[in-house]
Each structure stands twice: as structure tokens, then as C-alpha cells.
Amino acid sequence: MNAAITVHGLLAAAGGGQAGDEGARETEVLLAHALGRDRAWLYAHSEDALPVERAIAFHQLLVRRAAGEPIAYLTGHREFWSLDLAVTPDVLIPRAETELLVELALQKIPQGVRVEIADLGTGSGAIALALARERPRASVLASDASAAALGVARDNARRLGIGNVEFFESDWLAAFGVRHFDVIVSNPPYIAENDAHLGQGDPRFEPRAALVAGADGLDAIRVLVRDAPAHLKTGGWLLFEHGFAQGPACRALIERGGFADVFTAADLEARDRVSGGRR
């Protein structure tokens, strides 16, 4: 008689590394996904017999992961700001360092006040939904040039029950007409087109339009800084994420754009990550 396929047996055969390390965590995440369970269930049912088809599905995920495919695309989910976001290859994978942009934006948005916020290039909706959840009286407009990305963002808002977000197809601010905002935020593409990182890790699988912005990576940021003043209320803020080496260049662009109180904030690794200014 063949031995039963168990959680413990599959994890051991996968060789995910020592308990608690990143390899073991990823292996557990993929097995939980293949089984339609959470990781806690794996520990409580380590000796349970499993269907062969679930073991095959797990093996297929391991093969795709070994080829470099991001965990978030394999499972279809990524947590951001304690929100469980659905993600697809149509959108950039939300990253922890982008939470700094949310933190800084919240500092500019008082509690209990009706304000208007725009999140440009929203992708999965991560930033817009985090701000809308934290400031329920705010009206948040989330825009993207990609209809597919907007579909992902709308689905996330619907599933999470966040209703104070409007979704709008636009290439940055081109279709915004006369709309004005108290805060404009964005995580735009900011990688140079010849950057070696584009051929490594997760960026190999992410939408290029969400990553690359010209020869120096600043093309999208130039558009934001150029066009934002026409859509900001007096005293309104523009805040955006950028690469760790782009702080000085971003501040220079913002200053030339006529903004006041120009600043750059560093992430937890002490790297320049977010810049902004006030109209």
C-alpha cells in the first residue's frame, strides 16, 4: 500500500529550508495556497492525508517559483497596509517600502475632514485603498492608464468593502479636466530603461510600463511635477515614491516646479524613498 501524502511529507520533500527561514515560509505559503488553506492550518494538520491532485498543484507552483515567478503572482495575493490585496501580472506587486508614502500622506490629511485625494498610477489600488480605509470621510480618486489594472483595483475595493474610492482611466493627469485635490500621491515608474535590475527577480515578471520611465527613470516624475500644480488646491501636497538615488534630482524638479516645503523622506533602510512639496 502506498504511503499517504501528508502536509509534513510534502514540505519535507520540497526542501524548503530550516523552519522560520524565507525558503520555508515561501514553501508553506505555496502549499497553503494549493490546499486552499492558511499556514496555521498546515501546522494543525501536518499528518493529514491529502488528495493527489493537491500535491500535483503544489509541485507545479514550486516549479514556477523555481523559475523566478513572484510569490504574489502565484498566489494572487499580497498584503499591504494590513489589506489583503488581489494582484495579477497586470499590476505592480505592492511593496512594504511604499507604506512610507501612505504614512506621509496621512500626516497631511486630518482625521474627520472631507478632503479630496488622487492616487495616480494606482495599479492594484494599494495606496488609494489604504488612504481611503484610514480616512473614511475623504473622497479618493484612483487613476491608471491601464484598464486591466483598474479592473484589479476595482475588484479589491469591492471585496474589501471600501466605498469612498472612484476609479478613473487616465494617463497621469491628462484626462482630469478641472478637478482639484488636497493631496496627490503616486508610486510612478522610476527605473531607468537600461537598469540591470529589470533582468533580476520579480521585475522580470511585472508590467514594464509600471517600472520603466525613460533613460534616467524620471520621465513620469517630470510629468507629475509639471502637471500637478494645475490640479492641486492652494496648500495642497504632491507626494511620490522614487528610487533611492533619485532624491536630489526629485527635489530639484519639485523646486523648479514652484513648490514650497520641498522634502525627501528615507525608508527603514535609510534610503531616500519619497519626495514631495506643497503648492
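Here, the structure is the one placed above.
A brief report on the enclosed structure follows. Small disclaimer: the values here were computed from a predicted structure and weren't measured.

Definitions and limits used
Residues numbered from 1 in each chain as written. Predicted model: local features only at pLDDT ≥ 70, side-chain atom pairs only at ≥ 80, totals over all residues. Heavy atoms only, no water. Helix = DSSP H or I, 4+ residues; strand = E, 2+ residues; numbered from the N terminus. Buried < 20%, exposed > 50% of the residue type's maximum accessible area, 1.4 Å probe, protein only. Contact = heavy atoms within 4.5 Å. Arc of directions from axis to C-beta. Phe/Tyr/Trp six-rings, centres within 6.5 Å; stacked < 30°, edge-to-face > 60°. Lys NZ or Arg CZ within 6 Å of the ring centre and 35° of its normal. Pairing = 2+ DSSP bridges. Axes fitted to C-alpha atoms, helices over the stretch in contact; angles between N-to-C directions. Parallel < 35°, antiparallel > 145°, perpendicular 65-115°, else oblique. Left-handed = near helix turned anticlockwise from the far one by under 90°. Nonpolar A, V, L, I, M, F, W, Y, C, P; charged D, E, K, R; others polar.

A closer look at the side chain of Ser170
Right, on to step 1. With respect to the secondary-structure elements, Ser170 resides in the loop between β5 (165-169) and β6 (181-186).
Right, on to step 2. Looking at Ser170, the relative accessible area reads 4%, which means it is buried.
Right, on to step 3. Ignoring sequence-local partners within four residues, the contact set of Ser170 consists of Ser143, Asp144, Ala145, Ala175 and Phe176.

Here we look at the environment of Ser139
Right, on to step 1. In this structure, Ser139 sits in strand β4 (residues 139-144).
Right, on to step 2. When the C-alpha atoms of Ser139 and Phe244 are compared, they prove to be 31 Å apart, with 105 residues separating the residues in sequence.
Right, on to step 3. Aside from chain neighbours lying at most four places away, what touches Ser139 is Val115, Glu116, Ile117 and Asn164.

Side note on the environment of Glu269
Right, on to step 1. By secondary structure assignment, the location of Glu269 is in the loop between β8 (260-266) and β9 (272-278).
Right, on to step 2. By relative accessible area, Glu269 is classed as exposed at 59%.
Right, on to step 3. Once the C-alpha coordinates of Glu269 and Glu97 are considered, the two residues, 172 residues apart in sequence, prove to be 9.2 Å apart.

A closer look at helix α9 (residues 219-227)
Right, on to step 1. Listed as buried for α9 are Ala220, Ile221, Leu224 and Val225. The buried residues of α9 occupy one face: seen down the axis, they fall within an arc of 130°.
Right, on to step 2. Buried-residue contacts for α9 involve β3 (116-120), β6, β7 (232-241) and α10 (247-256).

A short note on the packing of aromatic side chains
Within a pair of aromatic rings, the relevant descriptors are the distance that separates the centres and the angle that separates the planes.
Right, on to step 1. Considering all chains together, one arrives at three aromatic pairs under this definition.
Right, on to step 2. Note on Phe168 and Phe176: the rings are 5.3 Å apart at their centroids and 85° apart in plane angle, and the pair reads as edge-to-face.
Right, on to step 3. Since its relative accessible area comes to 22%, Phe168 is described here as partly exposed.
Right, on to step 4. With 6.1 Å between their ring centres and 65° between their planes, Trp237 and Phe263 make a pair best called edge-to-face. Residue Trp237 is found in strand β7, and its partner Phe263 is found in strand β8; the two are separated by 26 residues along the sequence.
Right, on to step 5. The exposure class of Trp237 is buried, given its relative accessible area of 13%.
Right, on to step 6. Through a chain of ring-to-ring contacts, three or more aromatic side chains come together here, namely Phe168, Phe176 and Phe181.
Right, on to step 7. Lys108 extends its terminal NZ or CZ atom over the ring of Trp237, reaching a point 3.9 Å from the ring centre.
Right, on to step 8. Cation over ring: Arg271 sits above Phe244, and NZ or CZ is 4.6 Å from the ring centre.

A short note on the environment of Leu61
Right, on to step 1. Note on placement: Leu61 falls in helix α4 (residues 52-66).
Right, on to step 2. Given a relative accessible area of 8%, Leu61 falls into the buried group.
Right, on to step 3. On a C-alpha basis, the gap between Leu61 and Gly258 in space is 50 Å, while along the polypeptide they are 197 residues apart.
Right, on to step 4. Each residue touching Leu61, except ones within four places of it in the same chain, is listed here: Leu30, His33, Ala34 and Leu74.

Section: the sheet that holds β8
Right, on to step 1. Spatially, β5-β4-β3-β6-β7-β9-β8 is the arrangement adopted by the seven strands of the open sheet, whose pairing is mixed. Each edge of the sheet is formed by a strand with only one pairing partner; in this case those strands are β5 and β8. With direction set aside, neighbouring strand axes in the sheet form an average angle of 15°.
Right, on to step 2. Relative to β7, β6 runs parallel, the two being bridged by five bridges. Each residue of the ladder has a partner; that of Val185, found in β7, is Leu239.
Right, on to step 3. Contacts between helix α8 (residues 147-160) and the sheet are confined to β4 and β5, with β5 contributing the most and set at about 170° to the helix.

Comments concerning the packing of helix α2 (residues 22-35) against α4
Right, on to step 1. Closest axis-to-axis distance for the α2/α4 pair is 9 Å, and the angle between their directions is 140°. On the basis of the axis angle, α2 is oblique to α4. Note on packing geometry: the crossing formed by α2 with α4 is right-handed. Between α2 and α4, the contacting residues are Glu26, Thr27, Leu30, Leu31, His33, Ala34 and Leu35 on the first element and Arg54, Ala57, Phe58, Leu61, Leu62 and Arg65 on the second.
Right, on to step 2. For the contact of α2 with α4, the class distribution of residues is eight nonpolar, two polar and three charged.

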